[in-house]
Amino acid sequence: MDASAILIADRLSKSYTSAGQPLLVLDAVSFALQAGAACAVVGPSGSGKSTLLGLCAGLERPTSGKVTLNGADLNALDEDRRAALRAHSVGFVFQTFRLLPTLTALENVMVPLELLGGAGAARRAAGLLERVGLGGRLSHYPAQLSGGEQQRVALARAFVNQPRILFADEPTGNLDRRTSQAVADLLFALNRDAGTTLVLVTHDLELARRTGRVIELKDGALAADSPAGSAARA
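Quick look at the structure, then. Predicted model only: the values in this text are computed from it and were never measured.

The rules we used
Residues numbered from 1 in each chain as written. Predicted model: local features only at pLDDT ≥ 70, side-chain atom pairs only at ≥ 80, totals over all residues. Heavy atoms only, no water. Helix = DSSP H or I, 4+ residues; strand = E, 2+ residues; numbered from the N terminus. Contact = heavy atoms within 4.5 Å. Buried < 20%, exposed > 50% of the residue type's maximum accessible area, 1.4 Å probe, protein only. Phe/Tyr/Trp six-rings, centres within 6.5 Å; stacked < 30°, edge-to-face > 60°. Lys NZ or Arg CZ within 6 Å of the ring centre and 35° of its normal. Pairing = 2+ DSSP bridges.

### Things to note about the environment of Val-25
Right, so step 1: Along the polypeptide, Val-25 turns up in strand β2 (residues 21-33).
Right, so step 2: Separated by 192 residues in the primary sequence, Val-25 and Leu-217 have C-alpha atoms spaced 11 Å apart.
Right, so step 3: Residue contacts for Val-25: discarding those within four places in its chain leaves Lys-14, Ser-15, Tyr-16, Ser-47, Gly-48, Thr-51 and Gly-220.

Encoded structure:
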């Protein structure tokens, strides 16, 4: 494994107990990702994609193996220190948007910066909302926004703390085809402009092709790890 990588997964395994029996969800998956690179994680439902993302982001602990994220061994960090690492270095985009319904678009985007105590939160949040085409919707609540608009708010929120790495879990999964294309274009543009590392979990092979690399899981194991073009032709 490359010690200079921003993300290193080293023989990651995760199992749960189901009906009194162990259930292996992820089986000794290893890969490394350099800063500024992008990769897609693909595979059938139940193949372990979201579990892998959660482990790499430090949202869960592996049963065995380890993750090194931005130089930190996540196994060596307690819950508070992992949360601090995520707050400073990680952005998230989810399929279900996860906006706070009682906050406006502007306030939702400001949340990560306010948690860090940074100055100029409103100015930076407004600038990002303008960048994603929502400069006229700052005072709107999530219920007043379409699904595509809500996901654009979520994109602005994900980038507002200038993360080193962004984890996106099916970011276009709840959107129609046309809206999905627009949101994907914004995701890649924001990622390119910020120089952020991207880990994208998706069922959409066309979306996966837009990254430089595709990691394929099958039954919790690494089935392929190849350039996006090679994966697309396979």
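Resuming the write-up.
### Quick notes on helix α3 (residues 105-116)
Right, so step 1: Taken together, the buried positions of α3 are occupied by Ala-105, Leu-106, Asn-108, Val-109, Met-110, Pro-112 and Leu-113.
Right, so step 2: In the core, the buried residues of α3 are packed alongside α4 (121-131) and α5 (147-159).
Right, so step 3: Of the residues flanking the end of α3, it is Gly-117, one or two places downstream, whose phi is positive at about 75 degrees.

### Regarding the packing of aromatic side chains
Right, so step 1: Under the definition given, this model contains two aromatic pairs.
Right, so step 2: Here the aromatic rings of Phe-92 and Phe-167 are separated by 6.0 Å at their centres, their planes lie at 25 degrees, and the arrangement is stacked. One end of the pair, Phe-92, is in strand β6 (residues 90-94); the other, Phe-167, is in strand β7 (residues 165-169), with 75 residues separating them in the sequence.
Right, so step 3: A residue is classified by how much of its surface remains accessible, and Phe-92, at 18% relative accessible area, is buried.
Right, so step 4: Under the relative-accessibility criterion, Phe-167 is labelled buried at 1%.
Right, so step 5: Site record: aromatic cluster; members linked through ring pairs are Phe-92, Phe-94 and Phe-167.
Right, so step 6: The ring of Phe-94 has Arg-98 lying over it, and the distance from NZ or CZ to the ring centre is 3.8 Å.

### Quick notes on the pairing of strand β10 (residues 221-227)
Right, so step 1: Bridge analysis of strand β9 (residues 213-218) against β10 gives six bridges, and the strand direction is antiparallel. Residue Glu-216 lies in a different strand from β10, and its bridge partner there is Ala-224.
Right, so step 2: Between the antiparallel neighbours β9 and β10 lie two residues, among them Asp-219 with a positive phi of about 55 degrees.

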